[in-house]
Amino acid sequence: MAAEKTDTLVVGGGQAGIAMSEHLGAAGVPHLVLEKNRTAEAWRTARWDTLVANGPAWHDRFPNLEFEGAAPDEFVSKDRFAQYLVDYAAMINAPIREGVEVIEASRLQGQGGFLVRTSQGDIEARRIVAATGAFQHPVIPPIVPASAGVEQIHSFHYKNPRQLPDGAVMVVGAGSSGAQIADELNRAGRKVFLSVGPHDRPPRRYRGRDFVWWLGVLGLWDMAAPAPGTEHVTIAVSGAYGGRTMDFRRLASEGVTLTGLTKGYDNGILGFANDLQANVAAGDANYHDLLDKADAYVARMGLDLPEEPEARRILPDPDCLINPIDHIDLAKEGVTSIIWATGFRQDFSWLKVDAFDAKGSPIHHRGLSIEPDVYFLGLPWQSRRGSSFLWGVWHDAKHIADQIAIQRSYLQYDGQAAVVSAAAE
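The structure reproduced in this document is the subject of the present report. Remember, it's a predicted structure, so these values are computed and weren't measured experimentally. (Residues numbered from 1 in each chain as written. Predicted model: local features only at pLDDT ≥ 70, side-chain atom pairs only at ≥ 80, totals over all residues. Heavy atoms only, no water.)

Our focus in this paragraph is the packing of helix 1 (residues 15-26) against helix 9 (residues 390-412). Running from N to C, helix 1 and helix 9 cross one another at 45°; their axes reach a closest spacing of 8 Å. Comparing their axes, helix 9 and helix 1 come out oblique. Remark: the crossing between helix 1 and helix 9 carries right-handed chirality. Residues Q15, A16, A19, M20, E22, H23 and L24 of helix 1 pack against L390, V393, W394, A397, K398, I400, A401 and I404 of helix 9. Along the lines of polarity and charge, the residues of the contact of helix 1 with helix 9 split into 11 nonpolar, 2 polar and 2 charged. (Axes fitted to C-alpha atoms, helices over the stretch in contact; angles between N-to-C directions. Helix = DSSP H or I, 4+ residues; strand = E, 2+ residues; numbered from the N terminus. Parallel < 35°, antiparallel > 145°, perpendicular 65-115°, else oblique. Left-handed = near helix turned anticlockwise from the far one by under 90°. Contact = heavy atoms within 4.5 Å. Nonpolar A, V, L, I, M, F, W, Y, C, P; charged D, E, K, R; others polar.)

The structure is reproduced here in structure tokens:
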């Protein structure tokens, strides 16, 4: 059977793939979008039950569709977010094929384009956009062996407190996911330990504006690259419970025991680095830096935004911060489960091209690979700080679609026809 043909094949039917489809369609580029599960599958099934968006509805959306029925400052539920993506795909008539897994894509030598093997047959594509995003495979560090006698899951698979066995819980990682899960478990009456690594900690709101607004007017969403050494620093922010600043001192005052970075395990003992105070101090500095920038902007622009001195009040240091513990005995503390909120790894092993560095990360500029006709979308810091967000990936997709349209125009050029036409004149 002859392979199906298309100009551009988009692999991945999440927010990146949908945004890519919109811009390709607007540019008149024939394309297909393949999704191995369902559209927005991760938002449907791979998040905890009470998860809400970390940004308000007025901001964390595609430019051409609002969240129907949601207040502008509402943090919509994960189910509503998933439905939004499904609705958007329908609105733009995205040619998404669900339940089709890409097995391998290799270059067609001597003729341009790629042969793509899928679970439902072969496809020939002139171009490929890898839109599988940043959250592909959950990573659990090989620290605690399976024989330790505690249940271990990644935050990707956490659903609710009832899912876990009775007993205390160790949450490793204090970015948005880890901090929110630790907060939820503590509210449910669990004894919780939270391992806190390096992080940014912006205010949820300041002087009547959400922090996403402040990052926007201050130009911080458009930072082109992270500061050296901070590429993987997590951000502790939450839209849960109506949106509150993620304050680790508050969590500790409510019963959560904070620890430093989790570094090792030996015979039932989980050890921590002596960095809790430094990590919390760095998070505080990040928090106050944004307040300072916001105050300076208000003064410079003469904005009528209410002062908020209370935002600078820091809660008293809890004992676990004054006297950090360097280990816990899991059995003695009654810890029966560990939740690893420790990030994800990317996997482009299906893409058989020379477009990756020694660590398997794409080599690209704003999503344009060093390999001709290969593009990447949805990568962290792909073009700017906002690239991993819904609206950010939309703008990155437009840039890639523009470049694809330019390449198509080059290929449509007929130099010989131009010479003949000139000679006839």
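Following the structure, the description resumes.
Secondary-structure assignment places F62 in the loop between helix 2 (41-45) and helix 3 (78-91). Given a relative accessible area of 0%, F62 falls into the buried group. Remark: the alpha-carbon pair of F62 and G343, spanning 281 residues in sequence, is separated by 25 Å. Not counting chain neighbours up to four residues away, the residues in contact with F62 comprise Q15, I18, A19, Y84, L85, Y88, L390, V393 and W394. (Buried < 20%, exposed > 50% of the residue type's maximum accessible area, 1.4 Å probe, protein only.)

A separate point is the pattern of salt bridges. Within this structure, the stated rule accounts for 26 salt bridges. We note a salt bridge from D7 to R408, for which the minimum N-O separation is 2.6 Å. Of this pair, D7 sits in strand 1 (residues 4-11) while R408 is found in helix 9, placing the two residues 401 residues apart along the sequence. Residue R408 is classed as buried on the basis of its relative accessible area, which comes to 17%. K293 serves as the salt-bridge partner of D289, at 2.7 Å between the closest nitrogen and oxygen. Placement of both D289 and K293 in helix 7 (residues 276-301) is noted, with a separation of 4 residues, approximately one turn of the helix. Assessed through its relative accessible area of 33%, K293 is described here as partly exposed. Taken together, the shared-partner salt bridges in this structure form one network comprising D7, R126, R127, D373 and R408. (Salt bridge = Lys/Arg side-chain N within 4 Å of Asp/Glu carboxyl O.)

Here we come to the side chain of D7. Take D7: its relative accessible area is 12%, and that puts it in the buried class. Residues in contact with D7, not counting those within four places in the same chain, are V29, P30, A125, R126, R127, I404 and R408.

Following the criterion strictly, the structure yields 1 cavity of 30 Å³ or more and no others. Estimated volume of the largest cavity: approximately 40 Å³. Lining the largest cavity are D183, R187, S238, A240, Y241, R244, T245, M246 and R250. Of the residues contributing to the lining of the largest cavity, the split by class is 3 nonpolar, 2 polar and 4 charged. (1 Å grid on protein atoms, 1.4 Å probe; cavity = no way out; pocket = protein on both sides within 12 Å on 5 of 7 lines; lining within 4 Å. Points joined across faces, edges and corners; volume = space filled by probe spheres on them.)

Pairing analysis gives 5 bridges linking strand 4 (residues 102-107) to strand 5 (residues 114-118), with the strands arranged antiparallel. Paired with V102 across the bridge in strand 5 is T118. The hairpin formed by strand 4 and strand 5 contains 6 residues between the paired strands, and G110 there has a positive phi angle of roughly 80°. With 2 bridges connecting them, strand 4 and strand 21 (residues 351-352) associate as parallel partners. Each residue of the ladder has a partner; that of S106, found in strand 21, is K352. (Pairing = 2+ DSSP bridges.)

Looking now at the layout of surface pockets. Estimates place the volume of the second largest pocket at around 350 Å³. As for the second largest pocket, its lining consists of 14 residues, of which T245, D247, Y287, E310 and A311 are closest to the centre. Across the lining of the second largest pocket, the residue classes tally to 5 nonpolar, 1 polar and 8 charged.

A rise of 1.5 Å per residue sets the reference length of helix 9, with its 23 residues, at 33 Å; its end C-alpha atoms lie 33 Å apart and thus fit the reference within 8%. Of the surrounding elements, those touching the buried residues of helix 9 are strand 1, helix 1, helix 3, strand 6 (121-130), strand 23 (368-369) and strand 24 (374-376). (Expected span 1.5 Å × (residues − 1).)

Another point: the side chain of R47. Mapped onto the elements, R47 comes out in the loop between helix 2 and helix 3. Those residues in contact with R47 that sit more than four places away from it in its chain are A42, K78, F156, Y158 and K159.

Spatially, 5 strands are ordered 8-19-9-10-15 in an open sheet, and the strand pairing comes out parallel. The open sheet has two free edges, formed respectively by strand 8 (151-154) and strand 15 (257-259), since each of these has just one partner strand. Between one strand and the next, the sheet's axes are offset by a mean angle of 20°, whatever the strand orientation. Bridging between strand 9 (residues 168-172) and strand 19 (residues 335-340) involves 5 bridges; their strand directions are parallel. Its bridge partner being in strand 19, V172 is matched across the sheet by W340. Against the sheet, helix 4 (residues 176-187) engages strand 9, strand 10 (192-195) and strand 19, with an angle of about 170° to strand 10.

On to the sheet that holds strand 16 (residues 262-266), then. Taken together, the 3 strands give an open sheet; going across it, the order is 16-17-18, and neighbouring strands pair in antiparallel fashion. Taken across any chain shown, the strands that pair with only one partner, and hence form the sheet edges, are strand 16 and strand 18 (327-329). Averaged over all adjacent pairs, the angle separating strand axes in this sheet is 20°, with direction ignored. Note that strand 17 (residues 269-272) and strand 18 share 3 bridges and pair antiparallel. When the bridges of strand 18 are listed, L270 appears paired with I328.

Turning next to the nonpolar core. F62, L194 and F248 are the most contacted members of the largest nonpolar core, which totals 61 residues. Looking at which element gives the most residues to this core, the answer is helix 9, with 7 residues. Apart from the residues lying within four places of it in its own chain, the contact partners of F248 are A174, A179, L194, V196, H199, R201, A236 and L258. Counting 22 residues, the second largest nonpolar core, distinct from the first, contains L32, A105, A125 and V353. (Core = buried A, V, L, I, M, F, W, Y, C linked by side-chain atoms within 4.5 Å.)

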